[in-house]
Each structure stands twice: as structure tokens, then as C-alpha cells.
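Here are the chains, one letter per residue:
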Amino acid sequence: MYEPIRSKSVHRTMAGTTSNFPHRSREEELDIQLAGHLAALLAVTDELRALAPSTDLDTAAEQLAAQVSRLRGGRAPLRASTATADGAPTLHQRAHALAGRALVVAASRADTAAAILAAERMDAHAAAQEPVSAAH
């Protein structure tokens, strides 16, 4: 019913030329993504620490820096040295979103330590965004 192809294809495949560009495994790509999200969360955490220092934020920054270093093969992350013009509520909102992204990637690569840290940071930033209720 079908006639076989008798001539060579005019299209070239990548079969013989795969060494022209670097390949990363899915795990390596997820490591890069997770390190990026955690580094961004660390930057926002450092900005929050500059606005309102607290031991909770200090501890979180240390844990985030350790996770980023682990994911980047021991290279320490860059740290924010000054605060932006954004207020604390905006920074907490941004940090909550970044922690959520980190949690998704950590869960997909089954990185329990990073997932727990991201979930804790989400909870902390969500609690910081809640309005303080007045005493009745």
C-alpha cells in the first residue's frame, strides 16, 4: 500500500552532532533552577533583615545560603548589602512567592531539606503579611 522511501532524506538529523553543545540532565537543570529561586529568596531575606533585623531572618538567611552553596557545588551566593525602596509588606509578598517557586522545584527533584526550608519560609512570610488584629 505504501511505497518505501528510495532516496536519502534531504533533512539532516542531530544524530551525529550532539557534542556541539553541552547537555545537562534533568536533575542538573532542577538544581540550577532551585539554586536560583533560593538565591533570590536569600536576597529578599537580606533586604528584610536590613529593614527590620530579627534572629528568625538571620537564621533563615544562613540556612538559605547553605542550601544555595550546596546546590552550586560549594560556591557561596552573593549577598544583598542594601535595602531597596520597597516596604516590608512588599518584600514579604515577594519572598512568599519565591519560596513557593522554590518549594515546587524542590518537590519535583525530591530535595527534602530544600522543600522543608522553602515551606517554612512560605509560612513565615505569610504570617508576616497577615494584618495584626486589634485586641477586643
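Scroll up to find the structure.
These figures come from a predicted structure and were not determined experimentally. (Residues numbered from 1 in each chain as written. Predicted model: local features only at pLDDT ≥ 70, side-chain atom pairs only at ≥ 80, totals over all residues. Heavy atoms only, no water.)

Q: Can you walk me through the pattern of salt bridges in this structure?
A: On inspection of all chains with the given rule, the structure shows eight salt bridges. Here R49 ties to D58 by a salt bridge, and the two come within 2.7 Å at their closest N and O atoms. For R49, a relative accessible area of 27% gives the class partly exposed. Residue classification places D58 among the partly exposed positions, given a relative accessible area of 27%. Note that R121 and D56 form a salt bridge whose closest N and O atoms lie 3.7 Å from each other. Here D56 lies in helix 2 (residues 55–71) and R121 lies in helix 4 (residues 112–129), a separation of 65 residues in the sequence. Classification of R121 as buried rests on a relative accessible area of 5%. Assessed through its relative accessible area of 42%, D56 is described here as partly exposed. (Salt bridge = Lys/Arg side-chain N within 4 Å of Asp/Glu carboxyl O. Buried < 20%, exposed > 50% of the residue type's maximum accessible area, 1.4 Å probe, protein only. Helix = DSSP H or I, 4+ residues; strand = E, 2+ residues; numbered from the N terminus.)

Q: What is the right way to read the environment of A35 from this model?
A: Positionally, A35 belongs in helix 1 (residues 26–51). In this structure A35 comes out as buried when scored by relative accessible area, which is 3%. Each C-alpha atom of the pair A35 and A102 lies 8.3 Å from the other, and the pair is 67 residues apart in sequence. Every residue in contact with A35, bar those within four places of it in the chain, is listed here: V68, L71 and R72. (Contact = heavy atoms within 4.5 Å.)

Q: Can you help me understand unusual backbone geometry in this one?
A: Peptide bonds are mostly trans, and most non-glycine residues show a negative phi. Phi is positive for A110, close to 60°, though the residue is something other than glycine. Looking at the element boundaries, A110 is found in the loop between helix 3 (88–108) and helix 4. By relative accessible area, which is 63% here, A110 ends up exposed.

Q: Help me understand helix 4 in this model?
A: The α-helix winds at 3.6 residues per turn, so residues separated by three or four positions along the chain end up facing the same way. Here helix 4 contains 18 residues, and its C-alpha end-to-end distance of 26 Å stays within 8% of the 26 Å for a straight helix at 1.5 Å per residue. For helix 4, the complete set of buried residues consists of A114, A115, L117, A118, R121, M122 and H125. Taken down its axis, helix 4 places every buried residue within 165° of arc, on the same side. Facing away from the buried side of helix 4 by over 90 degrees, the exposed positions are T112 and D123. Tucked into the core, helix 4 has its buried residues touching helix 1, helix 2 and helix 3. (Expected span 1.5 Å × (residues − 1). Arc of directions from axis to C-beta.)

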